[in-house]
Amino acid sequence: MVSIDVCGACVNFPIFDAKTRSLKKALLGTVGRAGGKIGMDAKVPVIEALRDITLSLRHGDRVGLIGHNGAGKSTLLRLLSGIYEPTMGVSRIVGKVAPVFDLGVGMDPEISGYENIIIRGLFLGMTRKQMEARTEEIAEFSELGDYLSMPLRTYSTGMRVRLALGVVTSIDPEILLLDEGIGAVDAAFLEKARERLTALVERSGILVFASHSDEFLLELCSSGLWLDHGQIREQGDLRTVLSHYKGKDPYENLSPEALTRVAEATR
Amino acid sequence: MHPRMGTQAWGPQNARVPSRTMQYTAAAPEITADRALSSRSWSRAFGDLRAGWQQRRLWGHLGWQDIRQGYRRSVIGPLWITISLGVQALGMGLLYAALFGQPIAFFLPYLAVGLIIWQFMASCINEGAEVFIRNEGLIKHLPAPLSVHVFRLVWRQLLFFGHNVLVWAALVVIFRTHLGWGSLMALPALAVIVLNGAWVAILIGIIATRYRDIPPVTTSVVTLMFFMTPIVWNYQDLISKGGPGAQRARLAELNPFLHFVEILRRPMIGQSFEPRHWVVTLAITVVGWAAALLILRNYRARVSYWV
């Protein structure tokens with residue numbers, strides 16, 4: 001069973017500039033300390049991106065991550081995926097993580113669409129055979145037709161996003177971590193993508209989705225986690241947390257279609 | 001531990017800024033006691049290597065991709081690697097053979113093989129120093145083990161080596177170099193060199209992410225070592241000639257690169273087996289891996305912060 005446990009985790013980023021990255025200065029610093037300082041502070045400044053994060057996620061959790069820009073949402077997602085191990089505290093991740101922070105990471109502009117499907121899938125933890133089995137449905141979904149045999153550099157941005165979205169929504173993730181960018185597609189395609197995204201989320205063991213879009217959050221997630229200045233401000237039912245974060249009930253701003261979708265999702 | 005259902009509220013806190021002594025959920029105390037979760041542990045270090053090996057389909061594919069990349073839209077493609085090495089070997093070989101009065105039939109294969117081996121080692125070291133720095137984007141976007149990047153690098157260099165070996169094959173045919181059964185020692189020799197390429201990349205690569213002076217320093221040292229290693233000069237010849245030149249040539253034995261070149265070059269040009277080179281290289285392999293594993297254990301988790 002998949003699980004993520006984090007206890008008292010902190011993520012501190014050291015800020016290196018040219019001085020603190022230099023081996024020469026580091027060595028001279030130690031020599032100088034014997035006879036007196038060589039006029040440079042060797043301490044490296046640190047940014048505390050996350051402080052005292054404690055949470056437990058289990059199979060079936062659908063968490064919406066909310067907070068202002070710079071609150072640490074992306075950093076928390078990276079902590080949960082294992083990219084950053086906590087500088088203090090502990091984290092334990094059980095299960096295969098599919099991080100979707102950048103739709104097109106690992107895609108190579110020089111190779112064809114078909115080959116990129118395979119590569120992107122390999123990066124997401126799938127095997128070549130699994131990706132080959134999915135190629136046809138991805139091709140159909142992305143509506144790219146003959147372009148799939150062309151190198152990726154001939155695609156427009158929209159086409160690349162369609163292809164990347166197609167690949168990303170075809171995997172079977174145990175733990176799915178989505179960062180906000182995934183919502184940024186054109187409206188017409190969004191309709192088609194929405195269904196696939198919902199299906200993807202249903203297949204996932206755990207979902208953590210960072211977003212500013214209330215609609216998406218309410219549709220896909222059931223719990224909310226409000227991150228403020230690197231600390232967890234509130235955890236709980238999504239609608240409650242969103243109300244506290246926004247200052248009013250999020251349902252007020254949803255369009256009727258969105259409301260029906262949300263109602264269906266929470267059924 | 002209460003089960004978590006999708007639509008129920010979870011967690012004891014609500015609408016309250018948590019204080020320093022936050023109430024932990026039931027799972028937390030047991031994981032703080034778990035020593036194996038520490039970032040600085042041998043199990044994580046070995047786990048990294050194991051997981052990296054398990055992803056061999058990914059880096060195997062990427063390594064091939066790296067080679068094909070450079071030769072898109074070209075007709076001859078990756079064969080250019082072989083041709084350029086062949087041209088270099090031919091040019092240098094003819095010149096130095098004339099300068100030092102060496103027989104071409106011996107010197108040309110000697111030089112070509114030396115260059116091929118050096119190319120592999122130098123690239124593993126130079127690119128190894130930058131392996132994590134170059135892959136910053138992937139490291140920060142994907143929770144992959146660090147060793148994936150190292151294995152991709154070594155695999156890519158092995159593929160280059162495979163292309164360059166065609167030059168040696170051609171020379172063996174042209175000069176009818178006699179290769180006995182002893183030449184099969186080339187295979188374990190290659191394996192030893194590959195193993196060393198990996199630990200060097202891990203060790204220097206991790207340190208270089210913290211101290212960015214390391215890559216240029218490494219390149220300079222490697223360039224210097226090229227001249228100190230008998231690739232374009234034949235040290236056995238100097239020794240056999242005797243005199244002060246022989247004494248200085250013997251100092252070359254202090255150069256570890258010499259031993260690595262010799263264990264592979266000797267079988268490839270049909271020379272006899274020399275155990276002392278193997279002793280040195282195997283010792284370096286063990287010590288090197290021990291050092292790399294220590295650095296991996298201590299700083300593996302820091303690389304994504306430093307890079």
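Points about the overall build of chain B
Move 1: Within chain B, the regular secondary structure consists of 14 helices and zero strands.
Move 2: Secondary structure elements of chain B occur, N-terminal to C-terminal, as α-α-α-α-α-α-α-α-α-α-α-α-α-α.
Move 3: Going through the 307 residues of chain B one by one, you find that 35% of them count as buried.
Move 4: A separation of at least 24 residues holds for 80% of the contacts in chain B among residues at least 6 apart in sequence.

Topic: the overall build of chain A
Move 1: What chain A contains, in helices and strands, is nine helices and nine strands.
Move 2: Counting over 267 residues, chain A shows a buried share of 45%.
Move 3: Of all intrachain contacts in chain A linking residues separated by at least 6 positions in sequence, the fraction that spans at least 24 positions is 73%.

Considering the domain arrangement of chain A
Many structure descriptions define interface size as the accessible area lost when the parts assemble.
All names here are of chain A.
Move 1: Domain parsing of chain A yields domain 1 (1-18 + 48-96 + 179-267) and domain 2 (98-172).
Move 2: Listed per partner, the contact involves 15 residues of domain 1 and 14 residues of domain 2.
Move 3: For the side of domain 1 that touches domain 2, the secondary structure elements donating two or more residues are helix H2 (73-81) and helix H6 (187-203).
Move 4: The element that contributes the greatest number of residues to the side of domain 1 that touches domain 2 is H6, accounting for six residues.
Move 5: Broken down by class, the residue content of the side of domain 1 that touches domain 2 amounts to seven nonpolar, three polar and five charged.

What to know about the nonpolar core
Move 1: If you look at the biggest cluster of nonpolar residues, it comprises 139 residues, and the most contacted ones within it are Ala112(B), Ile116(B) and Ala201(B).
Move 2: Each of two domains, domain 1 (1-18 + 48-96 + 179-267) and domain 2 (98-172) of chain A, supplies a minimum of three residues to this core.
Move 3: Setting aside residues no more than four positions away along its own chain, Ala201(B) makes contact with Cys124(B), Gly128(B), Val131(B), Val150(B), Leu153(B) and Val154(B).

Notes on helix H3 (residues 113-123) of chain A
Owing to its 3.6 residues per turn, the α-helix aligns residues three or four sequence positions apart on the same side.
Move 1: With respect to burial, H3(A) is a largely interior element, nine of its 11 residues being buried.
Move 2: Taken together, the buried positions of H3(A) are Gly113(A), Asn116(A), Ile117(A), Ile118(A), Ile119(A), Arg120(A), Gly121(A), Leu122(A) and Phe123(A).

With respect to the sheet that holds strand S6 (residues 175-178) of chain A
By definition, the strands of a sheet pair up through backbone hydrogen bonds, in either a parallel or an antiparallel sense.
All names here are of chain A.
Move 1: Taken in spatial order, the six strands line up as S5-S6-S7-S3-S8-S9 in an open sheet, and their pairing is mixed. Looking at which strands have only one partner, the edges of the open sheet turn out to be strand S5 (97-100) and strand S9 (231-237). Each neighbouring strand pair of the sheet contributes to a mean axis angle of 15 degrees, computed without reference to strand direction.
Move 2: Bridge analysis of strand S8 (residues 223-228) against S9 gives six bridges, and the strand direction is antiparallel. In the sheet register, leucine 227 faces S9, and the bridge partner there is isoleucine 232.
Move 3: Sheet contacts for helix H8 (residues 238-246): strand S3 (62-66), S8 and S9; angle to S9, the most-contacted strand, approximately 135 degrees.

Here we look at the packing of helix H8 (residues 186-210) of chain B against helix H13 (residues 275-299) of chain B
Residues and elements named next belong to chain B.
Move 1: Remark: H8 packs on H13, axes separated minimally by 9 Å, with the N-to-C direction vectors making an angle of 35 degrees. Considering the relative orientation of H8 and H13, their crossing is left-handed. Facing Val192, Leu195, Asn196, Trp199, Val200, Ile202, Leu203, Ile206 and Ile207 of H8, the residues of H13 in contact are Thr281, Leu282, Ile284, Thr285, Gly288, Trp289, Ala291, Ala292, Ile295, Leu296 and Tyr299.

Regarding helix H5 (residues 157-168) of chain A
Move 1: The end-to-end C-alpha separation of H5(A) is 16 Å, in line with the 16 Å expected for 12 residues at 1.5 Å each.
Move 2: Residues Arg160(A), Val161(A), Arg162(A), Leu163(A), Ala164(A), Leu165(A), Gly166(A), Val167(A) and Val168(A) constitute the buried set of H5(A).

Some points on the environment of Arg300(B)
Residues and elements named next belong to chain B.
Move 1: Structurally, arginine 300 can be placed in the loop between H13 and helix H14 (303-306).
Move 2: The exposure class assigned to arginine 300 is buried, which follows from the 22 C-beta atoms found within 10 Å.
Move 3: As a C-alpha pair, arginine 300 and serine 240 span 60 residues in sequence and 48 Å in three-dimensional space.
Move 4: If we ignore the near neighbours within four places in the chain, the residues touching arginine 300 are Arg44, Ala45, Asp48 and Leu146.

Points about the sheet that holds strand S2 (residues 46-58) of chain A
All names here are of chain A.
Move 1: One open sheet accounts for three strands, arranged S2-S1-S4; its pairing is antiparallel. On the outer flanks of this sheet lie S2 and strand S4 (88-94), each paired with one strand and no other. For this sheet, the mean inter-axis angle between neighbouring strands, taken without regard to orientation, is 25 degrees.
Move 2: In terms of strand pairing, strand S1 (residues 3-14) meets S2 through nine bridges, oriented antiparallel. By the bridge assignment, isoleucine 4 is partnered in S2 with leucine 57.
Move 3: Helix-sheet contacts for H2 involve S1, S2 and S4, and the interaxial angle to S2 is about 55 degrees.

Regarding unusual backbone geometry
Move 1: In this structure, Asp52(A) takes a positive phi of about 50 degrees despite not being glycine.
Move 2: We note that Arg176(B) has phi near 50 degrees; this positive angle belongs to a residue other than glycine.
Move 3: Counting through the fold element by element, Arg176(B) comes out in the loop between helix H7 (147-175) and H8.

Quick notes on the confidence of the model for chain A
Move 1: Residues at a pLDDT of 70 or more form 89% of chain A, whose mean pLDDT is 83.
Move 2: Contacts for the low-pLDDT stretch residues 31-41 of chain A, under 50 throughout, to residues beyond four places or in other chains number seven contacts.

What counts as what
Residues numbered from 1 in each chain as written. Chains lettered and ligands numbered in written order. Predicted model: local features only at pLDDT ≥ 70, side-chain atom pairs only at ≥ 80, totals over all residues. Helix = DSSP H or I, 4+ residues; strand = E, 2+ residues; numbered from the N terminus. Buried ≥ 20, exposed ≤ 12 C-beta atoms within 10 Å, placed from the backbone. Contact = placed C-beta atoms within 7 Å. Domains from an automatic or database assignment. Nonpolar A, V, L, I, M, F, W, Y, C, P; charged D, E, K, R; others polar. Core = buried A, V, L, I, M, F, W, Y, C linked by C-beta atoms within 7 Å. Pairing = 2+ DSSP bridges. Axes fitted to C-alpha atoms, helices over the stretch in contact; angles between N-to-C directions. Left-handed = near helix turned anticlockwise from the far one by under 90°. Expected span 1.5 Å × (residues − 1). pLDDT = per-residue confidence, 0-100.

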